[in-house]
Amino acid sequence: MDKAKLRDRIRALREKTTSKGCTEAEAMAAASKAAELMRKAGLSELDLEMSESESQTQKRGQSVECHLWRVISACTNTSSILLEKEDGTFVRFIGKEPGPEIATYLWTVCDRAIRKEVQAFKVTSFYRRRRSIATKRQAVSDFKMGMVARLGNRLLELFEDIRNEEEGAQAYQALCEQFPNLVDVKRRNRKLRYGEAASHGYAAGANVNLSHGVDGQDNSPDLIGTS
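Residues numbered from 1 in each chain as written. Predicted model: local features only at pLDDT ≥ 70, side-chain atom pairs only at ≥ 80, totals over all residues. Heavy atoms only, no water.

Enquirer: Outline the overall build of the protein chain, listing residues and values.
Expert: Helix and strand counts for the protein chain stand at nine helices and three strands. In sequence order, the protein chain lays out its α and β elements as α-α-α-β-α-β-β-α-α-α-α-α. The buried share of the protein chain, reckoned over its 227 residues, is 40%. The contacts in the protein chain between residues at least 6 apart in sequence include a share of 74% that link residues at least 24 apart. (Helix = DSSP H or I, 4+ residues; strand = E, 2+ residues; numbered from the N terminus. Buried < 20%, exposed > 50% of the residue type's maximum accessible area, 1.4 Å probe, protein only. Contact = heavy atoms within 4.5 Å.)

Written out as structure tokens, the structure reads:
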């Protein structure tokens, strides 16, 4: 049984109380079973409050756009980690519901938008004037830096009213408990060479629709932190 299903089972067992119509014997048996499952799986009370969601990615933590993982985590009161699995690489977000699901949605939207806008940038005269592979790569990198900066600023503004440092800290604690040997990804020091490319990227960052949530409704991000 995976951890998410195990948490759901434990939560269901703990819902079996006398106030919900169970007999005292049934409630005690359910509580005992829940405690046993938690003990065997090494789950804490904090673990039961957390959920997680992940998305497959081609990134390895060094790409310009990976900066958005931390921004999205801050906006959704989650914490993120890059995982290497047999079937690929995944970025996982951990936190209280529905934060991780919305974080995954936002990353998917931003990642897809960046790839789309990079392709559009590659047909501009500025990009075509770059002569070597190295200068073309630098132009794309600078374009991404501008776009990521704009997206990050927009996300921080959009989620300003629901960002919660305490819930973010709890998400990080849960991440550390789940992955006690985690290592922080060291970012490359990138120098901006083409300001014009960065300006193109910054402008492109305004074209991305960040208003929709995981269920396709405009007000879905407001679900974070509400009852």
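Enquirer: How would you sum up the packing of aromatic side chains? Please name residues and give values.
Expert: Summed over all chains, the structure comprises five aromatic pairs. An angle of 75 degrees between the planes, with centres 5.6 Å apart, marks the rings of tryptophan 69 and tryptophan 107 as edge-to-face. Of the two residues, tryptophan 69 sits in helix H4 (residues 67-76) while tryptophan 107 sits in helix H5 (residues 99-121), which places them 38 residues apart along the sequence. The exposure class of tryptophan 107 is buried, given its relative accessible area of 1%. With a centroid separation of 4.6 Å and an interplanar angle of 20 degrees, the aromatic rings of phenylalanine 121 and phenylalanine 143 are classed as stacked. Of this pair, phenylalanine 121 sits in helix H5 while phenylalanine 143 sits in helix H7 (residues 133-158), and the two are 22 residues apart along the sequence. An aromatic cluster of three or more residues is present, and its members are Phe121, Phe126, Tyr127, Phe143 and Tyr194. When the ring centre of tyrosine 194 is taken as origin, the NZ or CZ atom of arginine 130, which lies over that ring, is 5.1 Å away. (Phe/Tyr/Trp six-rings, centres within 6.5 Å; stacked < 30°, edge-to-face > 60°. Lys NZ or Arg CZ within 6 Å of the ring centre and 35° of its normal.)

Enquirer: Can you explain the sheet that holds strand E1 (residues 50-56)? Please cite residues and give values.
Expert: Taken in spatial order, the three strands line up as E1-E3-E2 in an open sheet, and their pairing is antiparallel. Looking at the sheet topology across the chains shown, the edges are occupied by E1 and strand E2 (78-85). Taking the axes of each pair of neighbouring strands and ignoring which way they run, one obtains an average angle of 25 degrees across the sheet. Relative to strand E3 (residues 88-96), E2 runs antiparallel, the two sharing eight bridges. Within E3, the residue paired with glutamate 84 across the bridge is threonine 89. (Pairing = 2+ DSSP bridges. Axes fitted to C-alpha atoms, helices over the stretch in contact; angles between N-to-C directions.)

Enquirer: Give a description of the side chain of asparagine 77 that names residues and reports values.
Expert: With respect to the helices, strands and loops of the structure, asparagine 77 is situated in the loop between H4 and E2. The exposure class of asparagine 77 is buried, given its relative accessible area of 3%. Looking at asparagine 77, its side chain comes within polar contact range of the main-chain oxygen of isoleucine 162, at 3.0 Å. (Polar contact = N/O pair within 3.5 Å; in protein donor to acceptor, adjacent residues only side chain to side chain.)

Enquirer: Before we move on, can you summarise the side chain of serine 53 with the specific residues and values?
Expert: Within the secondary structure, serine 53 sits in strand E1. Only 2.9 Å separates the side chain of serine 53 from the side chain of threonine 104, close enough to count as a polar contact. Look past the residues within four positions of serine 53 in its chain and what remains in contact with it is Val91, Arg92, Phe93, Pro100, Glu101 and Thr104.

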